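Structure at a glance
Below, each chain spelled out in residue letters.
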Amino acid sequence: AQSVTQLGSHVSVSEGALVLLRCNYSSSVPPYLFWYVQYPNQGLQLLLKYTSAATLVKGINGFEAEFKKSETSFHLTKPSAHMSDAAEYFCAVSVGGSQGNLIFGKGTKLSVKP
Amino acid sequence: EPEVTQTPSHQVTQMGQEVILRCVPISNHLYFYWYRQILGQKVEFLVSFYNNEISEKSEIFDDQFSVERPDGSNFTLKIRSTKLEDSAMYFCASSDWTSGSGETQYFGPGTRLLVL
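All residue numbers refer to positions counted from 1 along the written sequence of the respective chain. To read the labels, note that chains go from A and ligands from 1, taken in the order they are written. Owing to the predicted nature of the model, reporting of local features is limited to residues with pLDDT of at least 70; listing and counting of side-chain atom pairs is limited to 80 or more, with chain, interface and lining totals taken over all residues. Computation of side-chain values: all heavy atoms of the structure, hydrogens and water removed.

1. A word on the sheet that holds strand β8 (residues 73-78) of chain A
Residues and elements named next belong to chain A. What the 5 strands build is an open sheet, ordered β1-β3-β8-β7-β6; its pairing is antiparallel. This sheet does not close on itself; its edge strands, each paired only once, are β1 (3-7) and β6 (56-58). Each neighbouring strand pair of the sheet contributes to a mean axis angle of 20°, computed without reference to strand direction. Any two strands between which DSSP finds at least two bridges are classified as paired. Numbering of helices and strands starts at the N terminus; helices are DSSP runs of H or I of at least 4 residues and strands are runs of E of at least 2. Judged from the 5 bridges that link them, β1 and strand β3 (residues 19-26) form a sheet pairing that is antiparallel. Bridging across to β3, Ser-3 finds its partner in Ser-26. Throughout, an axis means a line fitted to C-alpha atoms (over the contacting stretch in the case of helices), and angles, computed between N-to-C directions, take values from 0 to 180 degrees.

2. Details of the state of the cysteines
Any two cysteine sulfur atoms lying within 2.5 Å of each other are counted as a disulfide. Within this structure, the stated rule accounts for 2 disulfides over all chains. Paired by a disulfide, A:Cys23 and A:Cys91 hold their sulfur atoms 1.9 Å apart. The chirality of the disulfide connecting A:Cys23 with A:Cys91 is left-handed, given an S-S dihedral of about -65°. Taken together, the positions of A:Cys23 in strand β3 and A:Cys91 in strand β9 (residues 87-94) put the pair 68 residues apart, joining distant regions of the chain. Per-residue accessibility, obtained with a 1.4 Å probe over protein chains only, is compared with the maximum for each type, and a residue is labelled buried under 20%, exposed over 50%, and partly exposed between these values. A relative accessible area of 0% means that A:Cys91 is categorised as buried. Each sulfur in the disulfide pair B:Cys23 and B:Cys92 lies 1.9 Å from the other.

What follows is the structure, encoded as structure tokens:
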């Protein structure tokens, strides 16, 4: 069965510092992988997705993620954090192909200090 | 940019009452989903819907839950007799397979349901 593990429920970085949010997945078939962001009192917004094309995926707001099959990882990074990046970030894997339901990780809340 | 909308944004109800949560998916989308997020927990899949029938449902989606697309625009989730543990944020999502970007599910802002 597919699953997603996000290491660290809360990550705090200084403005301008590197952001690294970790996600490991378990899947018996090639997965579709997603990162969603949730700002306070808002819905889930897609940051980026991996669908078996390039292993380095670039998303919105300067975020990117690298699919590493050997490590079953899909970590999210941003070179320089901005105050507006403070939000909760969810990694998700798609089950059963492209129309399958999403299985989410528990989320990582990112805080950015001035 | 088209977006998924949900109403109401907040709903408070008494245990045992029926609630209907409403969603308007993006207009040309064909696949619809409901997820829920209990406070402090992960987002969980409830049900997917395509071509006017349920495609897949989780074990959470028991007989107390039902979904409907009553017209060409709305997609509803009904809970027949709410329990305290139904208190959660409920998200609707939609996706469009035919555009080639069917893997992306677009989420609404959610309905926060509180059962007292």
